[in-house]
Amino acid sequence: MTPTLQTESPTPAVAPAVAGGGGTSRALRAARSIAAKAVGGLVVLWGAATAAFAAQLALPGDRATVILNVRAGQAMKRTPEELAGVIEQYGLDHPVILQYLTFLGGLARGDLGNSYQQYRPVWDVIGEQIGATFALTFTAIVLAWVLMVVWVTLTAGRRPQVRALGSLAETVTAGLPHYWLGIILMLVFALGLGWFPVIGGTGLHGLLLPALTLAIPLAGFMGQATRAAFETALTQPFVISARMRGMGDLAVRLRHVLRHAVLPAVTLSGWALGATVSGAVVVETIFTRPGIGKVLVTAVNAQDLPVVTGIVVVIAAAYVVANLLVDVAYTLIDPRLRTS
Amino acid sequence: MTSTILESTTETDQRSGTRLRVDNLRVGFTKGGRSKRVVHGLSFELAAGECVAIVGESGSGKSVSARSLVGLTGAGAVVEADELSLDGENLLAFTGRDWRRVRGSQVGFILQDALVSLDPLRPVGQEIGEALRLHGWGDKSAREAKVLELLASVGVPDPANRARQRPDELSGGLRQRALIASALALDPGIVVADEPTTALDVTVQAQVLDLLEETKRRGKALILISHDLSVVARLADRILVMSGGHVVEDGPADQVLNDPQHEYTRSLIAAVPGAHTRGRLLGSQVPPFVSVTSRREPTPFAGPVLEACELVKRFRRPDGTAHTAVDGVSFTLERGETLGIVGESGSGKSTTARIALALERADSGSVRLLGRDWTSLPERRRRPLRREISVVYQDPLSSFDPRWDVARILEDAVGRTELRSGAARRERVAELLALVGLTPEVLGRSPLTLSGGQRQRVAIARALAPWPAVVVLDEAVSALDVSIQAQILDLLTTLQAELGLSYLFISHDLGVVSHLADRVLVMKDGVVVEHGAVTDVFENPAHPYTRELIAALHPLSAAPTTEG
Amino acid sequence: MTTIQDTPAPTRTRRLPRVRWTVALAVGVVAFFALAAAAPQLLATHDPTALDLTASLRAPSLDHWFGTDESGRDLYSRVIHGTRESLAIGLGAAGVSLVLALVLGSAAALAHRYLAGAVNRFVEILFAFPTLLFALLLVAILGPSATTQILAVGIGSAPGYARIVRGQILAARRSGYVEAAVALGHPRGLILRQHVIPNAVRPLVAVFTLCVGQSIVWASSLAFLGLGVAPPSSEWGALLDAGRTYVTHAPWLIVIPGLVIVVLALAATAIGKDIQARLESGDE
């Protein structure tokens with residue numbers, strides 16, 4: 001995980017909007033900024049696709065031979081007849097630029113290519129597994145938010161000892177590797193106490209431990225950013241104003257402070273999705289859950305590159321979508337104009 | 001203090017209208033086992049329709065005292081008093097629930113700048129409604145109607161639409177009114193205003209003071225906290241002057257302002273710059289001028305040292321719309337003269353200064369320095385000329401490399417090319433320090449550890465290092481307490497007289513400008529609306545905006561002794 | 001004028017941060033592992049390769065502090081002897097990451113407009129890849145090995161750090177002290193040398209420390225997935241990989257090497273954060 005946080009603090013608009021008549025131009029600006037974001041997202045996708053294509057080229061050795069070896073699971077010399085079939089199938093005799101354009105064209109139609117090993121479209125391989133991974137990461141992110149918000153609201157800006165405990169817990173949990181936390185949770189709650197199944201099924205019951213494994217470090221990581229913002233917001237004049245109106249401490253935290261404090265964590269969420277997907281690869285292995293993580297590890301082991309790059313492209317797409325959602329969420333929480 | 005005393009005072013209170021009694025209030029903070037007292041005995045009484053002002057510089061304990069009246073002194077605070085009672089209730093015995101009941105309903109609190117004192121993410125109507133909701137006032141629709149009524153009562157036009165806007169969508173004056181409305185929502189008998197005009201443009205300050213005056217007329221008891229004697233002069237019936245946690249002066253406003261008894265109050269009043277202080281020093285001590293030996297001979301030139309012609313600068317706002325920050329500004333600055341540029345935030349005065357310094361490129365127009373091309377040159381050819389013009393900023397700290405101590409900052413400014421030997425550079429640094437009234441003791445220190453005044457002196461020393469002809473002072477005294485501000489202004493006056501410097505003095509503060517400047521440009525929305533000799537402009541303002549600014553000027557800086 | 005004084009110098013904004021016990025502990029942990037890497041024989045209690053089939057899969061005890069593995073090898077001694085390789089991978093990856101981050105970050109901040117924009121876009125694209133995913137992609141191409149781990153983790157975590165470097169340089173360039181230096185007439189090269197680079201690089205000391213800890217964690221994650229150094233080695237990731245098989249009946253084989261990694265990573269984080277705090281409060 002990237003430990004140092006870089007969050008852009010939004011600055012208020014330079015000039016107060018003139019009364020009335022601002023509605024249409026504001027809608028126009030919003031549309032323009034969404035369009036800009038979408039173009040940026042496309043550029044990221046294109047970059048991911050290009051990297052994926054380059055990775056396929058970068059495999060050492062003759063590609064046709066590699067493909068045959070991957071299929072057979074062993075390395076050997078191939079006859080020209082064998083190679084010709086593969087070259088024909090993958091269009092390996094075409095110029096690289098043509099292969100690249102074919103690849104991009106396929107992507108645009110939703111075709112991620114064919115698995116070397118499984119003789120079938122990559123999309124089918126990923127498609128049957130992606131639902132489980134999505135359920136896992138989604139649950140984990142929701143859990144992480146709940147844990148983080150409760151923990152920070154309870155401990156931030158309290159007595160020095162409580163604050164120290166709060167931030168220590170965040171530092172420790174943020175640094176926990178998924179594999180270790182997952183094994184500890186499994187040993188304690190599944191093997192030791194028997195509360196949960198050891199092998200995580202697809203049901204809700206089997207989802208909790210794997211999701212917690214992902215959620216706890218994420219909560220710690222987001223908590224660090226949120227705590228800093230929370231404690232800054234607590235000292236702001238508007239918070240004192242609210243208290244001087246007769247508002248209680250908890251009400252101030254929930255109604256005023258929290259909204260300001262979650263902004264940095266919201267900006268981190270797009271990135272957090274990536275970190276969670278990384279973690280999902282490990283967690284699916286520990287709890288022997290279905291999901292693209294397992295597919296990925298198997299494919300990496302077998303050097304089945306179309307599957308690997310297919311997953312890379314799919315995850316990059318998820319990242320782009322997540323970031324667009326984050327932008328929407330951000331403007332809902334902070335309606336002030338965002339300066340880029 | 002027994003309950004019988006409390007009851008008897010309550011009876012007299014009802015007759016005399018006394019709402020608040022504070023007797024020998026002491027506030028301390030305990031941290032890590034150690035305790036430190038910050039308020040040593042504050043006493044006053046406050047009746048309906050009366051205004052008590054507590055005046056002091058930063059660290060005087062005035063804000064802490066005010067906050068202890070609503071039980072929000074802060075973590076680790078110990079509040080003691082011989083008596084602290086509000087409408088006959090003993091505040092010293094209050095529980096958290098009691099405090100919440102009193103806050104907002106019996107005591108309304110107004111903090112400074114609404115941009116930060118109202119939740120920037122919520123519409124102002126919601127903030128005002130919140131005060132009503134917290135105290136169980138009416139149902140939702142009744143509260144909504146009341147919010148509009150409150151906004152209208154503080155002079156906000158079109159309240160239905162304004163209530164739906166956030167503070168950053170409202171103008172400075174309107175959002176400050178909304179903040180006051182939120183404090184007055186439950187019609188509290190006592191209103192505490194803690195620096196209600198600080199950080200506001202002068203015209204907005206005047207509006208806020210008008211509104212507070214009206215509040216007082218409607219029978220509210222008002223406590224006004226300010227660092228600025230001139231702000232409270234208009235409203236206060238009684239003034240308490242605090243310094244270092246002690247009340248050093250306490251008396252009727254007229255007496256404190258016109259016949260101050262304590263030396264501190266006298267020096268505080270004397271330190272307020274304005275037209276009446278022109279041509280004299282603000283402090284009673286004349287800063288000693290240390291003659292310098294290493295000074296470079298001024299570059300000979302007879303004409304104006306700085307000459308700006310038709311400067312135009314456009315910016316793109318974050319939302320993409322174009323905005324003309326500086327629009328056709330021209331001026332000249334003669335040798336040994338101070339030209340003030342005065343205007344409110346967003347008037348383009350600082351952008352003008354940055355263009356003059358060639359730190360910002362103008363879209364059109366140019367500036368000539370000592371009769372030579374200046375802003376039209378490429379930076380490479382401009383560099384040798386840069387020693388003729390230097391700058392002092394409002395916040396010196398951010399203009400110092402955080403890794404450097406004072407010695408390194410000044411040696412760097414003295415320059416390597418001119419003085420090759422380290423010893424010669426150190427000698428020059430020592431001379432500069434003496435010039436700005438600092439002892440060599442500060443050399444090894446980081447600016448972080450210096451006081452605001454010391455930092456500004458270091459910044460001035462750095463600006464003087466190349467012996468420039470022109471010094472641009474961009475709000476250089478705006479962030480300082482009034483007494484420190486006076487010392488820096490006196491230093492600037494002395495340096496100008498001895499070194500023949502020309503100042504381009506940028507400020508939002510009319511009082512400071514009228515004290516220091518010879519001529520003045522008044523800027524509004526990027527345009528110079530009026531210019532001329534300071535005395536002419538201030539005595540016979542031609543433009544309505546200038547008149548508005550002067551009308552808003554605080555009595556202490558505006559009222560010359562002759563006006564009476 | 002007796003009472004008018006400049007506000008008494010606020011003797012430092014914060015008091016000098018004391019050395020807290022957590023930091024002292026962290027330094028102790030790092031020192032221990034540094035010694036283990038330099039001279040494992042001083043700390044090991046057994047021969048890390050000595051097989052003893054009569055004592056296989058023993059739980060931690062006084063004789064075998066961390067227990068034994070399926071061949072009866074002493075886990076504690078194996079951990080100690082695996083330190084050098086594990087640290088080398090962590091430091092190597094952090095080094096690769098930081099060099100890449102410096103190159104990309106400073107190009108994105110300092111290069112000519114269009115080049116800087118392009119580099120910045122490139123970094124943003126790389127940033128879209130989750131670290132582990134990027135690492136897996138590289139392993140898929142290069143095949144699992146220690147070198148691959150260093151490259152994969154180093155390249156995988158570089159984009160995040162590149163953004164930090166860029167942010168630091170831009171912040172320094174926009175700072176008041178750089179403007180003040182321009183106003184003094186200092187040439188561009190001198191300003192870059194004496195203000196921008198030192199101020200931008202300074203926080204990277206803390207970043208590097210944090211990065212080492214994170215790199216060890218990422219590298220061990222790869223190893224856990226069976227994509228790192230192969231098991232006969234006693235590199236910590238390899239120990240994890242080997243221990244996976246016995247997770248139900250000899251959990252210490254995986255829990256303890258994992259704990260060692262967690263402790264070292266936390267120690268690095270604690271030290272990094274302490275350096276950060278000291279830099280921010282203006283101490284050297």
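Residues numbered from 1 in each chain as written. Chains lettered and ligands numbered in written order. Predicted model: local features only at pLDDT ≥ 70, side-chain atom pairs only at ≥ 80, totals over all residues.

## Thoughts on the overall build of chain A
Let me state the cut-off plainly: Each helix corresponds to a stretch of at least 4 residues labelled H or I by DSSP, and each strand to a stretch of at least 2 residues labelled E; elements are numbered beginning at the N terminus. Here a residue counts as buried when 20 or more other C-beta atoms sit within 10 Å of its C-beta, as exposed when there are 12 or fewer, and as partly exposed otherwise, the C-beta atoms being derived from the backbone. The contact rule is simple: place each C-beta atom from the backbone, and if two of them lie within 7 Å, those residues are in contact.
What chain A contains, in helices and strands, is twelve helices and zero strands. The order of α-helices and β-strands along chain A, N terminus first, is α-α-α-α-α-α-α-α-α-α-α-α. Taking all 340 residues of chain A together, the buried fraction comes to 45%. Excluding contacts between residues fewer than 6 apart, the proportion of contacts in chain A whose partners are at least 24 apart in sequence is 75%.

## Section: the interface of chain A and chain B
In plain terms, the rule: Any residue outside Ala, Val, Leu, Ile, Met, Phe, Trp, Tyr, Cys, Pro, Asp, Glu, Lys and Arg is labelled polar, Gly included; the first ten of those are nonpolar and the last four are charged.
With 26 residues of chain A at the contact, the number on the chain B side is 31 residues. Going through the elements one at a time, α9 (237-244) and α10 (249-286) of chain A are the ones with two or more residues in the side of chain A that touches chain B. The greatest single-element share of the side of chain A that touches chain B, amounting to six residues, is contributed by α9 of chain A. Among the residues making up the side of chain A that touches chain B, the classes are represented as 13 nonpolar, seven polar and six charged.

## A few points about the sheet that holds strand β14 (residues 338-342) of chain B
All names here are of chain B. Condition: Two strands form a pair only when DSSP identifies at least two bridges running between them. Interaxial angles span 0 to 180 degrees and are taken between N-to-C directions of axes, which are lines fitted to C-alpha atoms, for helices over the stretch in contact.
Read across the sheet, six strands follow the order β17-β18-β19-β14-β20-β21 without closing on themselves; strand pairing throughout is mixed. The sheet terminates laterally at β17 (389-392) and β21 (527-533), the two strands that pair on one side only. Pairs of neighbouring strands in the sheet enclose a mean axial angle of 15°, with direction left out of account. With six bridges connecting them, strand β20 (residues 519-524) and β21 associate as antiparallel partners. Residue Arg519 lies in a different strand from β21, and its bridge partner there is Ala533. The strands touched by helix α13 (residues 349-356) within the sheet are β14, β18 (470-474), β19 (502-507) and β20, with β19 carrying the most contacts at an inclination of about 150°. Across the sheet, helix α17 (residues 452-464) lies against β17 and β18, angled at about 175° from β17, the strand it touches most.

## Examining the domain arrangement of chain A
Residue and element names in this part refer to chain A. Short version of the rule: Where each domain starts and ends follows an automatic or database-derived domain assignment.
Domain annotation of chain A identifies domain 1 (37-111) and domain 2 (122-339). The C-alpha centroid of domain 2 is placed 34 Å from the C-alpha centroid of domain 1. Counting residues at the interface gives 14 residues for domain 1, matched by 14 residues for domain 2. Among the elements that line the side of domain 1 that touches domain 2, the one with the most residues is helix α1 (residues 23-58), at nine residues. Partitioned by chemical class, the residues of the side of domain 1 that touches domain 2 number nine nonpolar, three polar and two charged.

## Here's the deal with the confidence of the model for chain A
The criterion, for reference: How sure the predictor is of each residue is captured by pLDDT, a score from 0 to 100.
Averaged over chain A, the pLDDT score is 80; the fraction of residues at 70 or greater is 88%. Between residues 1-23 of chain A, whose pLDDT stays under 50, and residues either more than four places distant or in other chains, the model counts 43 contacts.

## A short note on the environment of Ser68 of chain B
All names here are of chain B. Inspection of the secondary structure assignment puts Ser68 in helix α2 (residues 62-68). Residue Ser68 is classed as buried on the basis of its C-beta count, with 25 C-beta atoms lying within 10 Å. When the C-alpha atoms of Ser68 and Gly444 are compared, they prove to be 40 Å apart, with 376 residues separating the residues in sequence. For Ser68, the contacting residues outside a window of four places in its chain are Leu25, Val27, Thr73 and Val79.

## Describing the sheet that holds strand β15 (residues 364-369) of chain B
Residue and element names in this part refer to chain B. Pairing is antiparallel in the open sheet, where four strands are placed in the order β13-β12-β15-β16. For this open sheet the edge positions go to β13 (322-333) and β16 (372-373), each flanked by a neighbour on one side alone. Pairing geometry for strand β12 (residues 306-316) and β15, over five bridges, is antiparallel. Considered in β15, the bridge of Glu307 is made with Arg368. α13 rests against β12, β13 and β15 of the sheet, and its axis sits at about 120° to β12.

## A closer look at the environment of Gly106 of chain A
Residue and element names in this part refer to chain A. Residue position: Gly106 is located in helix α4 (residues 96-108). Overall, Gly106 belongs to the partly exposed group, with 17 C-beta atoms counted inside 10 Å. Separated by twelve residues in sequence, Gly106 and Gln118 have C-alpha atoms that sit 19 Å apart. Apart from the residues within four sequence positions on either side, Gly106 is in contact with Asp111 and Gly113.

## A short note on the interface of chain C and chain A
With 41 residues of chain C at the interface, the matching set in chain A holds 41 residues. At the level of elements, α4 (113-127), α5 (131-142), α6 (146-173), α8 (188-224) and α10 (252-280) of chain C are the ones that each hand at least two residues to the side of chain C that touches chain A. Residues that form the side of chain C that touches chain A fall into these classes: 27 nonpolar, eleven polar and three charged.

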